[in-house]
Amino acid sequence: MTTSRFGFSRPCACCPPPAPAGEISRRRLLAGGIAACGLAAGPAFAQGVAQPMPPRVVIDVHHHIAPPAYVEELIARGIHEPPLVRWSAQKSLDDMDRAGVATAITSITTPGVWFGDDGAARRLARKCNDFAAALVRDHPGRFGVFASLPLPDVDGSLKEIEYAFDTLHADGIGLMTSFGSKWLGDPEFEPVMAELDRRKAVVYTHPTVADCCRGILPVVHRATVEFQTDTSRAIGSVIFTGTAARYPNIKFIWSHGGGTMPFLYERYLRMPNLDPDLKVNIPHGVDYELKKFYYDVAQVAHPAALASLVRVAQPTHILFGTDFPYRTSLDHVKGVTAFFTDEAERRGVLRDNTVSLMPRLKSA
């Protein structure tokens, strides 16, 4: 029986009142009102007095939803995820409003939609994607869509890519880091990568547990070690198989700050020295590919992780994420604003970098 991925975090203090409308620019909102969010609990908060909501300016690229069909599938398989069972669109909106999040790009979390049956995976992916698109229609400006694919079913995934972009107008595609015993750079997925490259797609990735490592260390929860490790494996797979170089138009977003990759950065750089035959797959070098990628700050909005990430990623390629409903928007805004003391960098992480990646969000 599978248990919940994460524990729960306690929300930080509410934000101070925003300045009157029309008297402050969006830049000042990010530097001031949002920057102060949650950094200290003032007397009013301590006394339980409600605080005005902060202005909506932040964009979240790592925000999970729980379509009814998905929850039903998890329950039927004995996968117990209380945060997903209790999820609702209103809970998402309430959490976003408390932290000043204007728009959340939604996705399905691990284990994804494929459980061994291609037909069932196709149907579940379609239901999840239609549900996400309905959220966009029902709440204008508040949500976006990273559409799920029924990988490792390649043919079904190609059809769902077409539907996601041409019918639903999705913001991008959401993929797990691995499927069974294959990571994203596996040759089996080549047709999918070629189509995503042709469409210049944004591809958000979320870790899962590969077949190799299920129950490998029962005393340590899979979210503690294995998720971050699987992200690192997927990054290595995409780079060292040449997938990143062959399909340069795919804009990969790696969850949780790239997993353990920033700490292993030098080892990734030295990999071609260990196996010179790989150099043909990396014509521009490892560092070039790593710096092309995007990384979100979900679950790593703290100094220990961010200090490493900023040494690897381009400043303009770090994006805001929360991992809601497993964590809150407010504690991530607090972490980002405490770490990024430079106004432009802070503004970039909270909003501008995502707008550059997905320009349609400029009006959010």
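Everything in this summary refers to the structure shown in the same document. Computed from a predicted model, the values in this text were never measured in an experiment.

**Focus: the nonpolar core**
Point 1. Within the largest apolar cluster, 82 residues are counted, with the highest numbers of intra-cluster contacts made by Ile173, Leu175, Leu196, Trp254, Leu290 and Phe293.
Point 2. What Trp254 contacts, discounting residues up to four positions off in sequence, is Leu184, Thr205, Thr231, Ala234, Ile235, Val238, Phe293, Tyr294, Tyr295 and Asp296.
Point 3. Counting residues in each nonpolar core, the second largest holds 13 residues, with Ile59, Ile105, Phe146 and Leu357 among its members.

**Quick notes on the sheet that holds strand β1 (residues 58–64)**
Point 1. Ordered in space as β1-β2-β3-β4-β7-β8-β9-β10, the eight strands form an open sheet in which the pairing is parallel. Each end of this open sheet is capped by a strand with a single partner; those strands are β1 and β10 (318–319).
Point 2. Summarising the sheet, strand β8 (residues 251–254) and strand β9 (residues 294–296) pair through two bridges and their orientation is parallel. Within the sheet, the bridge partner assigned to Ile253 lies in β9 and is Tyr294.
Point 3. Here helix α8 (residues 154–166) sits on the sheet and contacts β3 (143–148) and β4 (172–176); the angle it forms with β4, its principal contact strand, is near 145°.

**Some words on the pairing of β1**
Point 1. In terms of residue burial, β1 counts as a mostly covered element, since seven of its seven residues are buried.
Point 2. Bridge count for β1 against strand β2 (residues 101–107) is five bridges, and the pairing is parallel. Bridge pairing in β2 places Val58 opposite Val101.

Here is what the cut-offs are and how they apply
- Residues numbered from 1 in each chain as written.
- Predicted model: local features only at pLDDT ≥ 70, side-chain atom pairs only at ≥ 80, totals over all residues.
- Heavy atoms only, no water.
- Core = buried A, V, L, I, M, F, W, Y, C linked by side-chain atoms within 4.5 Å.
- Buried < 20%, exposed > 50% of the residue type's maximum accessible area, 1.4 Å probe, protein only.
- Contact = heavy atoms within 4.5 Å.
- Pairing = 2+ DSSP bridges.
- Helix = DSSP H or I, 4+ residues; strand = E, 2+ residues; numbered from the N terminus.
- Axes fitted to C-alpha atoms, helices over the stretch in contact; angles between N-to-C directions.

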